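# Summary of the model geometry
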Amino acid sequence: MNGMMQHVKSIAALAALLSLGACATASKPEAMVAPVTIPVNKIAADVVISVSGGKDTSSMGASQISNAAFAQALQESIEKAGLFTSVKSDGARYSLTGFIGKVDQPMMGFSMTVKMEVTYTLKDTQSNATVWTKDINSEYTAKASAAFAGVERLRLANEGAARENIRLALTDLAGATL
Amino acid sequence: MEVMSNYIRMASLAWAAILLGACASVESARAPDANVHKLKSFYVVRVPEDERGIEKLIAARLEKMGLAASSGDADRPAEPVDAIVTYQDRWMWDITMYMIKLSVQLHDPQSGAVIARAEATRPSLQRKSPQGMVEEVLGELFK
């Protein structure tokens, strides 16, 4: 009888937890902003950013990284670092594109590791010449202690992999000669 | 301790139910300016953990599509190719093992950059054979 009660309590507790945390949430831009320390206005021109290859999150699916969220994180990271003079929505001297080529996610697990690959290309909009391109691989592991719900750990792993990817990209771009 | 193991058991069952009952999906994306239709020769890199020969299935399907394809363990082919193919296969158990997700990427052989990708996810009730998954993903990649 005691065992039966424990079982019922477990089911009730689990149902409550699932109802609170089972739905997948999209990766948040603010959590993907990379801390980059580089000289301010390293590139003395403005830039426009576009991202493709991302995916939207459905509530019953896995947490994903959308184009808009990654572009916003990339923009905020550039502004925070002061890499360009400004980020514009159009009509800038440079065009920075990011193609999310891979987001390798686990189906389940206690520790969750996400591997990410993004190809960045910087073009001079005046000459249409590619002045810098780099394929960046990154990964991040959200440990079991990071969050109780798996969907939450996956989101944290997504955000960590994206943050590291942006950090590596901007560090490389800051060292490039245009 | 028993309560904890009940939690884990129930959480596993709930997660399995979500995986079994979800919808199948297939999707793809291409890098700006990428033209996959001009690519004629491919090299598929075997994933070290893959002992099911998925790399051979991908190469065989590419050949069936009229394209030149080879596969192997090395990161780079012996002969130059138009694109290098990588993949990630995910498997689940439901009475038998089945492939729940297959992702395939095409890389530029010079820069290593991904130029196109496609993936299919099929839960247990909508499962396909590995050959079927490969056919579906490559069909999406070259559509």
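Please read all numbers here as calculations on a predicted model, not as lab measurements. (Residues numbered from 1 in each chain as written. Chains lettered and ligands numbered in written order. Predicted model: local features only at pLDDT ≥ 70, side-chain atom pairs only at ≥ 80, totals over all residues.)

### Observations regarding the overall build of chain A
Each helix and strand counted, chain A has 3 helices and 5 strands in total. Along chain A, from the amino end to the carboxyl end, the secondary structure elements read α-β-α-β-β-β-β-α. Each of the 178 residues in chain A was classed as buried or not, and the buried ones make up 39%. Long-range pairs, those at least 24 residues apart, make up 72% of the contacts in chain A between residues at least 6 apart in sequence. (Helix = DSSP H or I, 4+ residues; strand = E, 2+ residues; numbered from the N terminus. Buried ≥ 20, exposed ≤ 12 C-beta atoms within 10 Å, placed from the backbone. Contact = placed C-beta atoms within 7 Å.)

### Quick word on helix 3 (residues 150–174) of chain A
Taking 1.5 Å per residue, 25 residues should reach 36 Å; helix 3 of chain A reaches 36 Å between its end C-alpha atoms and fits that length. With respect to burial, helix 3 of chain A is a largely interior element, 18 of its 25 residues being buried. (Expected span 1.5 Å × (residues − 1).)

### What about the environment of V26(B)?
Residue and element names in this part refer to chain B. Inspection of the secondary structure assignment puts V26 in strand 1 (residues 25–30). Measuring from C-alpha to C-alpha, the distance between V26 and A118 comes to 7.4 Å, with 92 residues separating the pair along the chain. Other than its neighbours up to four places away in sequence, V26 contacts A120, E136 and E140.

### A look at the sheet that holds strand 4 (residues 112–124) of chain A
Within a sheet, adjacent strands bond to each other through the backbone by hydrogen bonds, running parallel or antiparallel. Residue and element names in this part refer to chain A. Within the open sheet, the 5 strands sit side by side as 2-1-3-4-5. Their pairing is mixed. Each of the sheet's edge strands pairs with one partner strand only, and the pair in question is strand 2 (84–88) and strand 5 (129–142). The mean inter-strand angle of the sheet, taken between neighbouring strand axes irrespective of direction, is 25°. Here strand 4 pairs with strand 5 via 13 bridges, running antiparallel. (Pairing = 2+ DSSP bridges. Axes fitted to C-alpha atoms, helices over the stretch in contact; angles between N-to-C directions.)

### Some details on the environment of K28(A)
Looking at the secondary structure, you find K28(A) in the loop between helix 1 (2–21) and strand 1 (43–52). K28(A) has contacts with A69(A) and E159(A), leaving out every residue within four places of it along the chain.

### Focus on the packing of helix 2 (residues 54–64) of chain B against helix 3 (residues 130–141) of chain B
All names here are of chain B. Where helix 2 meets helix 3, the closest approach of the two axes is 10 Å, and the angle between their N-to-C directions is 50°. In terms of axis orientation, helix 2 runs oblique to helix 3. Helix-helix and strand crossings are classified by hand; for helix 2 and helix 3 the assignment is right-handed. Where helix 2 abuts helix 3, its residues I54, L57, I58, R61 and L62 lie against P130, Q131, V134, E135 and L138. For the contact of helix 2 with helix 3, the residue count by class is 7 nonpolar, 1 polar and 2 charged. (Parallel < 35°, antiparallel > 145°, perpendicular 65-115°, else oblique. Left-handed = near helix turned anticlockwise from the far one by under 90°. Nonpolar A, V, L, I, M, F, W, Y, C, P; charged D, E, K, R; others polar.)

### Some remarks on the nonpolar core
In terms of nonpolar packing, the biggest core is built from 73 residues, with F70(A), I58(B), V85(B), V104(B) and V137(B) touching the most fellow members. The dominant element in this core, judged by the number of residues it contributes, is helix 3 of chain A, at 10 residues. Not counting residues up to four positions away in its chain, the partners in contact with V104(B) are I58(B), V85(B), Y87(B), R117(B), A118(B), V137(B), L138(B) and L141(B). (Core = buried A, V, L, I, M, F, W, Y, C linked by C-beta atoms within 7 Å.)

### Describing the environment of R122(B)
All names here are of chain B. Here R122 is to be found in the loop between strand 6 (114–121) and helix 3. For R122, a count of 21 C-beta atoms within 10 Å gives the class buried. The sequence separation of R122 and C23 amounts to 99 residues, and the corresponding C-alpha distance is 7.1 Å. Among residues more than four places away in sequence, those in contact with R122 are A24, I100, R127, K128 and M133.

### Notes on helix 2 of chain B
Residue and element names in this part refer to chain B. Taken together, the buried positions of helix 2 are I54, E55, L57, I58, A59 and L62. Looking at the buried residues of helix 2, the elements they touch are strand 2 (41–45), strand 3 (68–72), strand 4 (83–94), strand 5 (96–107) and helix 3. Within two residues after helix 2, G66 carries a phi angle of roughly 85°, on the positive side.

### Quick word on the packing of helix 2 (residues 67–81) of chain A against helix 3 of chain A
Residue and element names in this part refer to chain A. For the pair helix 2 and helix 3, the least separation of the axes is 10 Å and the interaxial angle reads 45°. It follows that helix 2 is oblique to helix 3 by the angle criterion. As for how helix 2 packs across helix 3, the hand of that crossing is right-handed. Together, F70, A73, L74, S77, I78 and A81 of helix 2 and A162, I166 and L170 of helix 3 make up the contact between the two elements. In terms of residue class, the contact of helix 2 with helix 3 is made up of 8 nonpolar, 1 polar and no charged.

Function cannot be inferred from these measures alone, as they are strictly geometric.
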